[in-house]
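This is what each chain is made of:
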Amino acid sequence: MSAPLRALLVCGGKYHDFDFARVELLKLLGENPDVRTRVAEDYANLAALRDADFLVTYTCDVRASEEQQRALAGFVEAGGRWLALHGTNSVMDFTRNGVACPRTHALLMQTLGSQFLAHPPIGRFRVHVAKPEHPLLAGLADFDVEDELYLCEYHGENEALLETRFTGETPGFVEKSWPVDAPRLVVYLRRVGRGAVLYNTLGHCRGRHDMRPIMDVYPRVERCAWNEPVYYELLRRGLAWAASPQ
């Protein structure tokens, strides 16, 4: 009888509806009868990381300590697979000049292959299948989605799977001017040592009470890509990839 696959889901942080995202991801993880999942809000439980066969993260502004960054990098370098979602690559400070994304946590960002810097207001944009021949994208076509279009600083060699384009302004962020028409990676694959990171920037969600203490009640509930069947297809494929042996 085969042993179960051990997943670690880290889901927590700021400014997002982590209750919603956590339940949705656990339902998807539960579709595989061989997967058993531990859940955490941050990276403090290094014993759970050491025991995990694969890692899934949906976070925002969760700041890993130096020890935790080394453990995450070591997990992937040793052959682990990490499905990183949405704001996992974010570090944000709210300042009088807007949201600043300081260049801290260098090892975490190098391992992930990117750091979030800004996004324009939530809106619809076209997502292009950059590698239609890739097994993770088999049968998928270009699609439109309403979400946060992530603008990032990239590190190292990232294989673009899905991408989009953007030029313009990002009101509310310190780095607000984006004049260069360059591909913006929506989903990419990054090899790290014997392991790999699959990063999917889509999946913003926010409820009415998720912007505290900045505001008591947020005026609307946002689900963005979670409203789209294609996003769940990408999540299922990402989870299957993460749970697969090297």
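So, here is what we can say about the structure in this document. Computed from a predicted structure; not experimentally measured.

1. Observations concerning the overall build of the protein chain
When its secondary structure is counted, the protein chain shows 5 helices and 13 strands. Rg of the C-alpha trace for the protein chain: 17 Å, near the compact-globule value of 18 Å for 246 residues, within the 12% margin. In the protein chain, buried positions account for 55% of the 246 residues. Across the protein chain, the fraction of contacts at a sequence separation of at least 24, relative to all contacts at a separation of at least 6, is 70%. Carbon together with sulfur atoms contributes 52% to the accessible area of the protein chain, which is approximately 11,300 Å² in total. Charged side chains in the protein chain number 28 positive and 32 negative. The centres of these two groups are separated by 2 Å.

2. Let's talk about the packing of helix α1 (residues 18-29) against helix α5 (residues 229-243)
Between α1 and α5, the least distance of the axes is 10 Å, while the angle of their chain directions is 60°. The orientation of α1 relative to α5 falls into the category oblique. Regarding α1 and α5, the two cross each other, and that crossing is right-handed. Of α5, the residues touching α1 (which contributes Phe-20, Glu-24, Leu-25, Leu-28 and Leu-29) are Tyr-232, Leu-235, Arg-236 and Leu-239. Among the residues making up the contact of α1 with α5, the classes are represented as 7 nonpolar, no polar and 2 charged.

3. Describing the nonpolar core
Among the nonpolar cores identified, the biggest contains 59 residues, and Phe-54, Tyr-58, Leu-162, Leu-198, Leu-202 and Trp-226 are the most heavily contacted of them. In terms of residues, this core owes the most to one element, α5, which gives 8 residues. Residues Leu-55, Val-91, Ala-160 and Leu-185 belong to the second largest nonpolar core, which totals 25 residues.

4. Some details on α5
The terminal C-alpha atoms of α5, which comprises 15 residues, lie 21 Å apart, in line with the 21 Å expected from a rise of 1.5 Å per residue. If you check which residues of α5 are buried, you get Tyr-231, Tyr-232, Leu-234, Leu-235, Arg-237, Gly-238, Leu-239, Trp-241, Ala-242 and Ala-243.

5. Focus: the pairing of strand β9 (residues 143-147)
A one-sided burial pattern is seen for β9, the buried positions being Phe-143, Val-145 and Asp-147 and the unburied ones Asp-144 and Glu-146. Examined bridge by bridge, strand β8 (residues 123-129) and β9 share 5 bridges and lie antiparallel to one another. Bridge pairing in β9 places Phe-125 opposite Val-145.

6. Comments concerning unusual backbone geometry
Looking along the chain, the bond that leaves Arg-212 and enters Pro-213 is cis, with omega of 5°. Topologically, Pro-213 is positioned in the loop between β13 (195-200) and α5. Non-glycine residue His-105 carries a positive phi angle of around 55°. In this fold, His-105 is placed in the loop between β6 (98-100) and α4 (106-112). Its identity is not glycine, yet Cys-224 carries a phi of approximately 50°, on the positive side. The exposure class assigned to Cys-224 is buried, which follows from its relative accessible area of 5%.

7. A few points about the layout of surface pockets
Each pocket or cavity is described by its volume, and for the largest pocket that value is around 470 Å³. His-119, Glu-148, Phe-173, Arg-206 and Met-211 are, among the 25 residues lining the largest pocket, the residues nearest its centre.

8. Quick word on the packing of aromatic side chains
By the definition in use, this model includes 10 aromatic pairs. Here the aromatic cluster, defined as three or more aromatic residues joined through ring pairs, consists of Phe-18, Phe-20, Tyr-58, Trp-226, Tyr-231 and Tyr-232. The ring of Tyr-218 carries Arg-206 above its face, with NZ or CZ at 4.9 Å from the centroid. The lysine or arginine in question, Arg-223, covers the ring of Phe-20, its NZ or CZ lying 4.0 Å from the ring centre.

The rules behind the values
Residues numbered from 1 in each chain as written. Predicted model: local features only at pLDDT ≥ 70, side-chain atom pairs only at ≥ 80, totals over all residues. Heavy atoms only, no water. Helix = DSSP H or I, 4+ residues; strand = E, 2+ residues; numbered from the N terminus. Rg over C-alpha atoms; globule rule 2.2 N^0.38 Å. Buried < 20%, exposed > 50% of the residue type's maximum accessible area, 1.4 Å probe, protein only. Contact = heavy atoms within 4.5 Å. Areas by Shrake-Rupley, 256 points an atom, 1.4 Å probe, with all protein chains shown as cover. Lys, Arg positive; Asp, Glu negative; His and termini not counted. Charge placed at Lys NZ, Arg CZ, Asp CG, Glu CD. Axes fitted to C-alpha atoms, helices over the stretch in contact; angles between N-to-C directions. Parallel < 35°, antiparallel > 145°, perpendicular 65-115°, else oblique. Left-handed = near helix turned anticlockwise from the far one by under 90°. Nonpolar A, V, L, I, M, F, W, Y, C, P; charged D, E, K, R; others polar. Core = buried A, V, L, I, M, F, W, Y, C linked by side-chain atoms within 4.5 Å. Expected span 1.5 Å × (residues − 1). Pairing = 2+ DSSP bridges. 1 Å grid on protein atoms, 1.4 Å probe; cavity = no way out; pocket = protein on both sides within 12 Å on 5 of 7 lines; lining within 4 Å. Points joined across faces, edges and corners; volume = space filled by probe spheres on them. Phe/Tyr/Trp six-rings, centres within 6.5 Å; stacked < 30°, edge-to-face > 60°. Lys NZ or Arg CZ within 6 Å of the ring centre and 35° of its normal.

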